[in-house]
Amino acid sequence: MDDYNNGYSNGNNEQNGNGYNPSSNQQEENTTYHYSYRNTNNENASNYYTPPQSEGAPQPIRDEEKKHKRANKEKTVQYDEFGNPVKPKKNKTVIAIVSIIIACVIVGVIGIAYAVSEDGSNAGAKETTTSSSSAQVEMQQQGDVATTDDQGNYTVAGIAEKCIDSCVGITVYSEASSYSDFYNYGYGSSNSQSGSTPQKSGEGSGIIMLEDNGKTYILTCAHVISDGSSFKVTLNDSTEYDAVMVGYDSQTDIGVLSINATGLSVAQFGDSASTVLGEQVVAIGCPGGLEFMNSVTSGYVSALDRPVSSSIGYDNECIQTDAAINPGNSGGALFNMQGQVIGVNSSKIAATDYEGIGFAVPSNTAIETANSLIKVGYVEGRAKVGITYTNIQNYSNSNSIISALERLGYENAVGTMVINEVSPTSDLANKDVREYDMIVAVNGETMTDTDVMTNILSDCKPGDTIKLTIARIENNQIDTFDVDCKLIESKGNN
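Nothing here was measured: the structure is a model prediction, and the numbers come from that model.

### Looking at the overall build of the protein chain
When helices and strands are tallied, the protein chain shows eight helices and 25 strands. Residue burial in the protein chain is summarised as follows: out of 494 residues, 35% are buried. If you take every contact in the protein chain between residues at least 6 apart in sequence, the share linking residues at least 24 apart comes to 61%. Element-wise, carbon and sulfur atoms account for 46% of the exposed surface of the protein chain, whose accessible area totals about 30700 Å².

Written out as structure tokens, the structure reads:
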């Protein structure tokens, strides 16, 4: 790349101070012009330009010029009418200019002295003379953040200020899981150690819902606490309490803990049936666990009565919202802009192609379930078969069994329930039903999913009778038979 100079140079690269190149066709190269003015003896003559003299031209007479200059320097004295010399008048313009200069010098000295006295050093003088080096960005006073709007509703900041103390974090501790053997095919962990110290197994969110008889009750999700053996509740001010499980209901995904404390900030609950599509909501919880405890997010009600399957297959009608909900938010509150809990955040669609689709159990469902759990330890009026089970797909030989069932006419029986235990109170305890028998159909409907059973039970009451189709493996053969089962009241999650 070529370098370019901004200056202008003549032919021999010497810098020409005029910015003009004197070389031309009439002059020799490298000749520098000098410009000057001079006086002459002619009084009427003015300053004029004298061009450079060519070689051989006569030189001016320097001695005459010197005499003329000396003559001009001699002072002329004037006399008055009496012959006395007159004192020459002072030049007032010169005096005025000198006075102004002296005044400016005095003001400058005073300014420097003042700066030194203020800062105690010469640094103050530098600051007064170099304003750009001391320029600072001024911080503006921030106004108060509005907590309510013109209609009296809370803003998001208002919800956080009013409601955050009623939101808590939950830490879950669990024992090691048990082991199940199904025709020599294992399920679960065989590392269970009786009496071992519970290990931290999860974290979630909760809502202070009720104070009664010296206890405070914490509302949360069933899937947060269902596998726990002990619990801790952390308040917004970081105070910790040991908690006890009151009960949980996997069908509605609602659970309740209690702590020995009083005087805490109890949340207000609204009527979720009055929730309107498009209204603004605020979610408060612990996304990612207690590290991000009581994070506040905001959004809108995206849909109402969305069917969402619980962990045991029941469909619950939930509130859909686009407020950010992440793992750890489960059990946390969904507030309306009046500061009322209208939902318990429970789940979201977690996939790369989806964003902002979360679900909350409506407050009406949550409170009805929680009140029943607190009162009797279970949800009253529910019907159940009275068994525990494992889905067939959890076993390593499930594909071969499902294929065998298909040949018997039970197509796609992937929801088949493998019976682990029959409750002594179940009607099946008096029937020819035992461990590892499989329920492949209910009321003649093939178990293509476990929700086939749960949906039928949701329409039944204790005392109703259903027909179960049982499949049993004996001598490497699968036989099926039907059994009538009278339903009993569900007093828990079995």
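### Focus: the environment of Q268
Within the fold, Q268 resides in strand 11 (residues 268-269). Using a relative accessible area of 45% as the deciding quantity, one classes Q268 as partly exposed. Residues Q268 and I208, 60 residues apart in the sequence, show an inter-C-alpha distance of 9.2 Å. Other than its neighbours up to four places away in sequence, Q268 contacts K162, G339, Q340 and V341.

### Observations regarding helix 7 (residues 398-407)
Residues spaced three or four apart along an α-helix face the same direction, because each turn holds 3.6 residues. Three or more residues of helix 7 are buried, namely S398, I401, I402, A404 and L405. For helix 7, the angular spread of the buried residues around the axis is 160°, confining them to a single face. Of the exposed residues in helix 7, those oriented more than 90 degrees away from the buried face are N399 and R407.

### Some details on the sheet that holds strand 8 (residues 230-234)
Taken together, six strands build a closed barrel; the order of strands is 3-6-7-10-9-8 and the barrel is antiparallel. Taken over all neighbouring pairs, the strand axes of this sheet differ in orientation by 40° on average, direction set aside. Taken together, the five bridges between strand 7 (residues 215-220) and strand 10 (residues 254-259) define a ladder with antiparallel strand orientation. Counterpart to L219 in the pairing with strand 10 is V256. Across the sheet, helix 6 (residues 363-376) lies against strand 6 (199-212), strand 7, strand 9 (240-249) and strand 10, angled at about 50° from strand 10, the strand it touches most.

### A word on the pattern of salt bridges
Per the counting criterion, the structure on display carries eight salt bridges. D249 is the salt-bridge partner of R382, the closest N and O atoms lying 2.6 Å from each other. Residue R382 is located in the loop between helix 6 and strand 18 (383-384), and its partner D249 is located in strand 9; the two are separated by 133 residues in the primary sequence. Assigned by exposure class, R382 and D249 land together as buried. The salt bridge partner of D432 is R472, with a shortest N-O separation of 3.5 Å. Pair noted here: D432 is in the loop between strand 20 (417-422) and strand 21 (438-442) and R472 is in strand 23 (residues 465-474), with a separation of 40 residues, a long-range link. Each member of the salt-bridge network shares a partner with another, and the members are D432, R434, D437, R472 and E474.

Here is what the cut-offs are and how they apply
- Residues numbered from 1 in each chain as written.
- Predicted model: local features only at pLDDT ≥ 70, side-chain atom pairs only at ≥ 80, totals over all residues.
- Heavy atoms only, no water.
- Helix = DSSP H or I, 4+ residues; strand = E, 2+ residues; numbered from the N terminus.
- Buried < 20%, exposed > 50% of the residue type's maximum accessible area, 1.4 Å probe, protein only.
- Contact = heavy atoms within 4.5 Å.
- Areas by Shrake-Rupley, 256 points an atom, 1.4 Å probe, with all protein chains shown as cover.
- Arc of directions from axis to C-beta.
- Pairing = 2+ DSSP bridges.
- Axes fitted to C-alpha atoms, helices over the stretch in contact; angles between N-to-C directions.
- Salt bridge = Lys/Arg side-chain N within 4 Å of Asp/Glu carboxyl O.

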